[in-house]
Amino acid sequence: MPTAITIDRVVKRYPGAQSPAVDHVSLAISPGDLFFLLGPSGCGKTTLLRMIAGFIDPSEGRILFRQDSGAERDVTHLPPNERNTGMVFQSYALWPHMTVAGNVAFGLEVRKVGKAEMDSRVIEALRLVQMEIYAQRKPNALSGGQQQRVALARALVVRPDVLLLDEPLSNLDAKLRVELRGEIRRICKSAGITTVYVTHDQKEALSMADRVAIMSMGKVEQLGGPAELYRKPGSRFVAEFLGETNFLPGTIVGHEQGRAIVDTPAGRLTSAHDGKAGSVLVSIRPEALREARDGEINRLPGVIAETTYLGELAQHLVELKPAAGAPVAGKIPLMKVALLNPGPQDHGPGGRPITLSVDPQDVVLVPA
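Procedures and definitions
- Each residue is numbered by its place in its chain's sequence as written, counting from 1.
- Selection of residues for local features in this predicted model requires a pLDDT of at least 70, selection of side-chain atom pairs for listing and counting requires 80 or more, and totals for whole chains, interfaces and linings are taken over all residues.
- Note: side-chain values were computed over all heavy atoms of the structure, leaving out hydrogens and water.
- Numbered from the N terminus, helices here are DSSP runs of H or I no shorter than four residues, and strands are runs of E no shorter than two.
- When a residue's accessible area, from a 1.4 Å probe over protein chains only, is under 20% of the maximum for its type it is buried; when over 50% it is exposed; and in between it is partly exposed.
- Two residues qualify as a contact provided that any one of their heavy atoms is within 4.5 Å of a heavy atom in the partner residue.
- Each pair of strands is called paired provided DSSP finds at least two bridges between the two strands.
- We define a nonpolar core as any set of buried Ala, Val, Leu, Ile, Met, Phe, Trp, Tyr and Cys residues linked to one another through side-chain atoms lying within 4.5 Å.
- Salt bridges are counted wherever a side-chain nitrogen of Lys or Arg sits within 4 Å of a carboxyl oxygen of Asp or Glu.
- Paired rings are identified among Phe, Tyr and Trp, the last through its six-membered ring, by centres lying within 6.5 Å, and are further divided according to the angle between planes into stacked (under 30 degrees), edge-to-face (over 60) and tilted (the rest).
- Here, a charge over a ring is recorded when the distance from Lys NZ or Arg CZ to the ring centre is within 6 Å and its angle to the ring normal is within 35 degrees.
- Expected span, for any helix, means 1.5 Å times one less than how many residues it has.

Visitor: How should I be thinking about the side chain of Arg121 in this particular structure?
Guide: Relative to the elements of secondary structure, Arg121 occurs in helix 3 (residues 115-128). Classification of Arg121 by relative accessible area gives buried; the value is 10%. In this structure Arg121 touches Leu108, Val113, Val157, Val158 and Arg159, once residues within four positions along its chain are discounted.

Visitor: Just checking my understanding: could you explain the sheet that holds strand 15 (residues 290-291) for this structure?
Guide: Hydrogen bonds between backbone atoms are what pair the strands of a sheet, whose relative direction is either parallel or antiparallel. Read across the open sheet, the 5 strands follow the order 15-19-16-17-18; overall the sheet is antiparallel. With one partner strand each, in any of the chains shown, strand 15 and strand 18 (335-340) form the two edges of the open sheet. Bridge analysis of strand 16 (residues 299-309) against strand 19 (residues 353-357) gives 5 bridges, and the strand direction is antiparallel. Along strand 19, the bridge assignment pairs Leu300 with Leu356.

Visitor: Would you mind showing me how to read the nonpolar core here?
Guide: In summary, soluble globular proteins display a tendency toward joint burial of nonpolar side chains. Residues Val122, Leu152 and Leu163 are the most contacted members of the largest nonpolar core, which totals 48 residues. In terms of residue count, the dominant contributor to this core is helix 4 (residues 144-156) (6 residues). Discounting chain neighbours no more than four positions away, the residues touching Leu152 are Val88, Val129, Leu163, Leu165, Ile184 and Ile187.

Visitor: I keep staring at the pattern of salt bridges and nothing clicks. Help me out?
Guide: For side chains bearing opposite charge, pairing can occur when the charged atoms are close. Within this structure, the stated rule accounts for 23 salt bridges. The partner of Arg50 in a salt bridge is Asp166, and the shortest N-O contact between them spans 3.9 Å. Highlighted residues: Arg50 in helix 1 (residues 45-53) and Asp166 in strand 7 (residues 162-166), separated in sequence by 116 residues. For Arg50, a relative accessible area of 26% corresponds to the partly exposed category. With relative accessibility at 6%, the residue Asp166 sits in the buried group. As a salt-bridge pair, Asp210 and Arg185 come within 3.1 Å of each other at their nearest N and O atoms.

Visitor: Even after reading the chapter, I still don't get the packing of aromatic side chains, so can you show me in this structure?
Guide: In this description, a pair of aromatic rings is defined by centroid distance and the angle of the planes. By the definition in use, this model includes 4 aromatic pairs. With a centroid separation of 4.2 Å and 15° between ring planes, the pair formed by Phe36 and Tyr197 is classed as stacked. Of this pair, Phe36 sits in strand 3 (residues 34-38) while Tyr197 sits in strand 8 (residues 194-199), and the two are 161 residues apart along the sequence. Look at Phe36 and you get buried, because its relative accessible area is 0%. Plain terms: the ring middles of Phe55 and Phe89 are 6.2 Å apart, the flat faces sit at 20° to each other, and that makes the pair stacked. With Phe55 in the loop between helix 1 and strand 4 (60-67) and Phe89 in the loop between strand 6 (85-88) and helix 2 (100-110), this pair connects stretches of sequence that are 34 residues apart. Given the relative accessible area of 25%, Phe89 is considered partly exposed. Sitting above the plane of the Tyr14 ring, Lys12 keeps its charged end 5.3 Å from the centroid. Above the plane of the ring of Tyr230 lies Arg285, whose end atom (NZ or CZ) is 4.1 Å from the centre.

Visitor: How should I be thinking about helix 4 in this particular structure?
Guide: Three- or four-residue spacings in an α-helix give side chains the same orientation, since the helix completes a turn every 3.6 residues. Its 13 residues place the ends of helix 4 19 Å apart at the C-alpha level, agreeing with the 18 Å of an ideal helix rising 1.5 Å per residue. Of all 13 residues making up helix 4, 12 are buried, and the element is well covered by its neighbours. Where helix 4 is concerned, the buried positions are Gly145, Gln146, Gln147, Gln148, Arg149, Val150, Ala151, Leu152, Ala153, Arg154, Ala155 and Leu156. Against strand 6, helix 2, helix 3, strand 7 and helix 5 (174-191) lie the buried residues of helix 4.

See below:
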């Protein structure tokens with residue numbers, strides 16, 4: 001049965017540190033979720049994962065595991081071997097002198113599982129990660145991606161209540177990381193196990209997660225689904241951390257038909273995202289900007305300052321013209337624009353005039 005995890009106001013303080021590594025974090029992780037802890041180095045995500053695993057004791061707060069039956073266990077100070085969690089480390093941590101099957105069976109041997117059941121469960125776990133034909137090989141005869149699959153099988157074979165993954169793809173090359181994202185999601189969802197996955201890689205989180213907690217300085221900055229976080233960031237930090245974006249200073253001056261009217265140094269914009277009157281930052285993703293057509297709103301005239309042609313994509317830097325009599329002062333930064341399937345006009349020298357346009361739902365307002 002999938003397990004729900006409740007993290008209730010958890011704090012971790014280290015002696016001599018000026019601020020907590022984890023600072024009053026509360027999360028509710030649903031049964032069977034593939035849940036990501038995402039953030040830069042030093043934000044507290046790995047410390048929180050290790051507290052869920054039992055390798056580190058919290059200074060304050062509680063960690064609870066709850067089964068579908070309703071039975072709840074307070075695991076806050078339980079040792080790791082009594083939590084029934086499976087852990088996949090960044091370094092794989094495979095025994096080089098054992099075969100693949102021997103590595104996967106190790107946890108079952110510690111639990112004194114019978115030989116027949118052990119063999120059956122090892123093959124079942126290796127089949128789930130598509131590694132059964134390599135059962136008798138040694139780890140040093142496998143590629144990095146294959147070793148990662150074995151480490152995952154070793155964690156799954158004990159049938160854990162919770163699976164914990166600590167940056168499992170960070171040691172692999174970029175192409176292999178992309179290939180394994182879908183595989184790890186497939187394996188975790190097929191197994192039906194509640195999974196907590198730590199990473200600093202935004203693309204990993206956006207492409208794999210059911211839900212994501214973005215962490216900064218020991219706190220949860222924002223919680224939500226991948227699309228919600230990317231399209232509706234709640235702060236400048238979240239908007240910048242999840243990908244490239246452009247910022248313009250703005251002031252909400254009114255509302256029309258549920259849409260906010262925002263004055264910026266480059267002109268007036270309409271946003272589908274509501275907000276209170278006053279100062280805001282306008283966040284616009286580069287891929288949301290396009291060359292304007294007649295009759296479109298949210299028009300931003302400017303000049304292409306620089307272009308990088310990448311085949312399927314052209315990346316422009318556009319110098320916007322200040323709006324005549326704009327009530328909002330401030331320097332207008334160069335706008336990054338990503339145009340898919342560019343034409344001949346999109347990979348020439350700079351200096352071409354251009355008028356950009358953006359849909360109201362892509363004009364995102366975050367606190368100034």
